[in-house]
Amino acid sequence: MACYVNNHPLVQDALSTLRRTTTTTEQFRKATKRISNLLIAETTRNIRTVPITVETSLGIADGFTIASNVVFVPILRAGLGMLDVALELIPTARVGYIGLERDEATATAATYYTKLPNDLASSQVFVLDPMLATSGSAVSAIDILRKVGATDCHLICIIAAKDGIKTFENCHPNVPVYTSAVDPTLNEQQYIVPGLGDFGDKLYGTS
Ligand code: PRP
Ligand code: URA
């Protein structure tokens, strides 16, 4: 499996805004959109296209259009912060939802909602979840997608923990991970350190 870290300065600038404790909810939402746009654009670099010709006002231009059956799957709730941008980039994409929540005490993820499009076997599936800590949520999400036939899966996150990546890699060696940072550790509550805290709480102003 591959883990790709996007070191683009614009990505890293948005990441610092997300991490900073003084960032307001409004600034956090804007930075989430900014970083998601850049990460998703890079992650989808190899999606399938078909050649087309386009009539311009002065002639015929060769071009491409997106051919693949793209599906975005945000993990509720924090992954929703990445969805609007994903659909702006690929408006023809379909969307599946997987609701997972970590138990505060055990950090184990439990599924509370699943709604997925048909034909995942022939789709390129991009899972959106900003935080990969223990990787329990990401592993469960891919397990669910595999069970309904998805084979071409990708995981896009904003911060991943080093050990979480290792665990994910062991469980799903064929699913590449795209991220903007690999952080060194988890604390006792299985939060990423230095990380940014609870992404969902920061995005929605809860605590
Ligand atoms: C967060 C985050 C990931 C998960 C990562 O979700 O959005 O889904 O934790 O942790 P893991 O790698 O250890 O599973 P959370 O369960 O807090 O739910 P929320 O998005 O509803 O806030
Ligand atoms: N979920 C978060 O939102 N942040 C973490 O650091 C770990 C899990």
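Shown above is the structure to which this text applies.
Residues numbered from 1 in each chain as written. Chains lettered and ligands numbered in written order. Predicted model: local features only at pLDDT ≥ 70, side-chain atom pairs only at ≥ 80, totals over all residues. Heavy atoms only, no water.

**Quick word on the overall build of the protein**
Note the threshold: Here a helix means four or more residues in a row that DSSP labels H or I, a strand means two or more in a row labelled E, and each is numbered from the N terminus. For a compact globule the rule gives 2.2 Å times the number of residues to the power 0.38, and the radius of gyration it is set against comes from C-alpha atoms. Accessibility throughout is a Shrake-Rupley quantity obtained with a 1.4 Å probe, and a residue counts as covered only by protein chains that appear here.
A count of helices and strands for the protein gives six helices and 15 strands. Since a compact globule built from 207 residues should have a radius of gyration of about 17 Å, the 17 Å found for the protein is in line with a globular shape. If you line up the protein on its principal axes, its C-alpha atoms span 60 × 40 × 30 Å. In the form shown here, the protein has an accessible surface area of approximately 10600 Å², with 51% of it arising from carbon and sulfur atoms.

**What about the site of ligand 1?**
Selection rule: For each residue, the test is whether any non-hydrogen atom lies within 4 Å of the molecule or strand; if one does, the residue is near. Under this definition, polar contacts are N or O atom pairs within 3.5 Å; protein pairs additionally need one hydrogen-donor-capable and one acceptor-capable atom, and for neighbouring residues in sequence, both atoms have to be side-chain atoms. Each residue is assigned to one of three groups, with Ala, Val, Leu, Ile, Met, Phe, Trp, Tyr, Cys and Pro labelled nonpolar, Asp, Glu, Lys and Arg labelled charged, and all others, Gly among them, labelled polar.
With respect to spatial proximity, 16 residues lie near ligand 1, and among them Arg102, Asp129, Ala133, Thr134 and Ser137 are the closest. A distance of 3.1 Å is found between an oxygen atom of ligand 1 and a backbone nitrogen or oxygen belonging to Arg77. One of the side-chain N or O atoms of Asp129 is found 2.7 Å from an oxygen atom in ligand 1. When the free accessible area of ligand 1 is taken as 510 Å², the share hidden by the protein chains comes to 92%. In terms of residue count, strand β6 (residues 97-102) provides more of the shell around ligand 1 than any other element does, three residues in total. Partitioned by chemical class, the residues of the shell around ligand 1 number six nonpolar, five polar and five charged.

**Looking at the pattern of salt bridges**
Definition in use: Every case where a carboxyl oxygen of Asp or Glu lies within 4 Å of a side-chain nitrogen of Lys or Arg is listed as a salt bridge. Between buried and exposed lies partly exposed: a residue is buried under 20% and exposed over 50% of the maximum accessible area for its type, with that area taken using a 1.4 Å probe on protein chains only.
Counted by the stated rule, this structure contains seven salt bridges. Linking Arg45 and Glu42 is a salt bridge whose minimum nitrogen-to-oxygen distance equals 2.9 Å. In this structure Arg45 comes out as exposed when scored by relative accessible area, which is 59%.

**Re the nonpolar core**
Selection criterion: Buried Ala, Val, Leu, Ile, Met, Phe, Trp, Tyr and Cys residues form a nonpolar core when they are joined through side-chain atoms within 4.5 Å. In what follows, residue pairs with any heavy atoms lying within 4.5 Å of each other are defined as contacts.
With 32 residues, the main nonpolar core has Leu18, Ile35, Phe72, Leu128, Ile158 and Phe199 as its most contacted residues. Going through the elements one at a time, α1 (9-19), α2 (25-43), β4 (70-76), α3 (83-89), β8 (124-128), β11 (159-161) and α6 (199-204) are the ones with two or more residues in this core. With five residues, α2 is the single largest residue contributor to this core. Residues contacting Leu18, with those up to four places away along its chain left out, are Phe28, Ala31, Thr32, Ile35, Ile158, Leu196 and Phe199. In terms of nonpolar packing, the next biggest core, distinct from the first, is built from 25 residues, Val71, Ala109, Ile142 and Val175 among them.

**Some remarks on the site of ligand 2**
Around ligand 2 sit Arg102, Met131, Ala133, Gln190, Tyr191, Ile192, Gly197, Asp198 and Phe199, and those are all the residues in its vicinity. Interatomic distance of 2.8 Å between a backbone N/O atom of Ile192 and an oxygen atom of ligand 2. Within the backbone of Gly197, one N or O atom sits 2.8 Å away from a nitrogen atom of ligand 2. A class-by-class count of the residues in the shell around ligand 2 yields five nonpolar, two polar and two charged.

**Points about the pairing of strand β10 (residues 152-156)**
Inclusion rule: At least two DSSP bridges between two strands are required for those strands to pair.
Burial within β10 is extensive, with four of its five residues counted as buried. Sheet analysis places β8 next to β10, joined by five bridges and oriented parallel. Bridging from a neighbouring strand, Val125 pairs with Cys153 of β10. In the sheet, β10 pairs with strand β12 (residues 177-179) via two bridges, with the strands oriented parallel. Each residue of the ladder has a partner; that of Leu155, found in β12, is Val177.

**Some points on the sheet that holds strand β13 (residues 182-183)**
Pairing is parallel in the open sheet, where three strands are placed in the order β9-β11-β13. Of all strands in the sheet, those with a lone pairing partner are β9 (131-132) and β13, marking the two edges. One ladder, built from two bridges, connects β11 with β13; its direction is parallel. Within β13, the position partnered with Ala161 by the bridge is Asp183.

So far we have only geometry, and geometry alone does not tell us how the molecule works.
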